[in-house]
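Survey of secondary and tertiary structure
Each chain, letter by letter, is given below.
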Amino acid sequence: MTPRSWLFVPADSAPKIAKALGAGADALILDLEDSVALGAKPAARVLAGQTLAAPRTGPALWVRINPLGSGLALSDLATIMPHAPDGIVLPKPDSVADVQKLGAYLEALEAAFGLEPGRTRILAIATETPASVFSLGGYAAAGPRLIGLTWGAEDLPAAIGATHARQPDGALTDLCRLVRSLCLAGAAAANVAAIDTVYPDFRDLDGLRAWAAQAKREGFVSMMAIHPAQVPVINEIMTPSTAEIAEARAIEALFAAAPGAGVVAHQGRMLDLPHLKQAQRLLARVRPA
Ligand code: COA
Ligand code: MG
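Residues numbered from 1 in each chain as written. Chains lettered and ligands numbered in written order. Predicted model: local features only at pLDDT ≥ 70, side-chain atom pairs only at ≥ 80, totals over all residues. Heavy atoms only, no water.

Attention now moves to the nonpolar core. Of all hydrophobic cores here, the largest spans 65 residues; its most connected members are Ile65, Leu77, Tyr139, Leu146 and Leu149. Those residues in contact with Leu77, other than ones at most four positions away along the chain, are Ile65, Pro82, Ile88, Leu102, Tyr105, Leu106 and Leu109. (Core = buried A, V, L, I, M, F, W, Y, C linked by side-chain atoms within 4.5 Å. Buried < 20%, exposed > 50% of the residue type's maximum accessible area, 1.4 Å probe, protein only. Contact = heavy atoms within 4.5 Å.)

Take a look at the structure:
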């Protein structure tokens, strides 16, 4: 099942990795990219590999490699793939072609290191380059490794020459709002999870809670985090509540009791096929107790 929470941890920091492992996140993203200075990347790769090699008891372990065009990505992969990460977070793809290219690298490395073919999944941060904005509808061609699309609020504004990613009142710029929505639709078109980006003000947990609740209403099923304190909030919001589950079960039951009906009434509301689909989607995300 798609993780509800993904906690970023700079892979050059052993203390932070130790802390992150116990933070309650469904997945960690051991970061080799933007949170690690160039000179620290070799040591970060080794530390990421050691983290993967230790007995796994907690969260799924993913690694954010450097972009494919950076000259660093193959060294990242060569160091971590022997230790079988659960998945790779791919920053700055221009299009699905970059995901396919990463998939080809993974296929070769899985074979080289005796790993089950196809076991290494991919999450693409699909909105970070100007060209990427025009290819967000193409990810259905990625193949089964791709499990989700997410977006970023920092790199695209920097790449197009914007001075800020947000307005003075904290609201996202129009371009960021656009790519966030395209990420949502692109993920649905590719039949993969839509994952919301990080909430940067890590001391503002009320703001995070409101943001995550809104994201869930819009169709995001999980969210990334930059600080351990954000994880419980995200897990709580991204877990279907008892009331939501009860409502979805009631909707399913109404349709089951009216075979052949396209539309039913429920507490004064009209329900038709989209409502049944929403209910079924939610129930598919309920974790076994
Ligand atoms: N993973 C694990 N531990 C973390 C953490 C993270 N993402 N963020 C903070 N911590 C730890 C701190 O090291 C500190 O540990 P300590 O009490 O043992 O010293 C504790 O949690 C409290 O941290 P706090 O003092 O509130 O924050 P900070 O100023 O130390 O760190 C950041 C702030 C932003 C530097 C830090 O949260 C961070 O590195 N986040 C991840 C950044 C990242 O990966 N970015 C790339 C994706 S956008
Ligand atoms: Mg970045």
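Anyway, onward from the coordinates.
Right, let's talk about the domain arrangement of the protein for a bit. The domain boundaries assigned to the protein delineate domain 1 (5-239) and domain 2 (243-286). On a C-alpha basis, the centroid separation for the pair domain 1 and domain 2 is 33 Å. (Domains from an automatic or database assignment.)

Let's shift gears to the sheet that holds strand β8 (residues 222-225). Pairing is parallel in the closed barrel, where 8 strands are placed in the order β1-β2-β3-β4-β5-β6-β7-β8. Across the sheet, the axes of successive neighbouring strands diverge by a mean angle of 25 degrees, strand direction being ignored. Direction of pairing for strand β2 (residues 27-31) relative to strand β3 (residues 60-64): parallel, over a ladder of 5 bridges. Bridge assignment links Ala27 to a residue of β3, and that residue is Ala60. Along the sheet, helix α8 (residues 230-238) makes contact with β1 (5-10) and β8, crossing β8 at roughly 175 degrees. (Pairing = 2+ DSSP bridges. Helix = DSSP H or I, 4+ residues; strand = E, 2+ residues; numbered from the N terminus. Axes fitted to C-alpha atoms, helices over the stretch in contact; angles between N-to-C directions.)

A full pass over the atoms with the stated rule returns 15 salt bridges. Salt-bridge contacts for Glu110 lead to Arg145; the nearest nitrogen and oxygen are separated by 2.8 Å. With Glu110 in helix α4 (residues 96-112) and Arg145 in the loop between β5 (121-125) and β6 (146-150), the pair connects residues that are 35 residues apart, well separated along the chain. A relative accessible area of 11% places Arg145 in the buried class. Arg180 serves as the salt-bridge partner of Glu218, at 3.0 Å between the closest nitrogen and oxygen. In this pair, Glu218 is assigned in helix α7 (residues 205-218) and Arg180 in helix α6 (residues 174-189), connecting sequence segments 38 residues apart. A network of salt bridges, in which partner residues are shared, links Asp31, Glu33, Asp34, Arg64, Lys92, Glu128 and Asp155. (Salt bridge = Lys/Arg side-chain N within 4 Å of Asp/Glu carboxyl O.)

This paragraph deals with the coordination of the magnesium ion (ligand 2). Every protein donor of the magnesium ion (ligand 2) is listed here as Asp34 (OD) and Asp155 (OD), and their distances to the metal cover 2.0 to 2.2 Å. Taken together, the residues Asp34 in the loop between β2 and α2 (41-53) and Asp155 in helix α5 (residues 155-160) connect sequence positions 121 residues apart. (Donors = N, O, S within 2.8 Å, 3.2 Å for Na, K, Ca; no water.)

To continue, consider the pairing of β5. Within a regular strand, side chains alternate between the sheet's two faces. Of all the 5 residues making up β5, 4 are buried; the element is thus mostly covered by neighbouring parts of the structure. In this sheet, β5 lies alongside strand β4 (residues 87-91) in parallel orientation, the contact comprising 5 bridges. Its bridge partner being in β5, Val89 is matched across the sheet by Leu123. Between the parallel elements β4 and β5, the chain passes through α4 in a crossover that is right-handed. The sheet contact formed by β5 and β6 spans 4 bridges and is parallel. Each residue of the ladder has a partner; that of Leu123, found in β6, is Gly148. (Right-handed = clockwise from strand over helix to strand, strands pointing away.)

Residues Ala73, Asp76, Leu77 and Ile80 constitute the buried set of helix α3 (residues 73-80). Across the axial projection of α3, the buried residues extend over an arc of 95 degrees, all falling on one side. At its buried positions, α3 is contacted by α2, β3, β4 and α4. (Arc of directions from axis to C-beta.)

Tracing the backbone through its elements, the reader meets Ser241 in the loop between α8 and α9 (242-256). Classification of Ser241 as partly exposed rests on a relative accessible area of 31%. Expressed as a C-alpha distance, the spacing of Ser241 and Ala48, which sit 193 residues apart in the sequence, is 35 Å.

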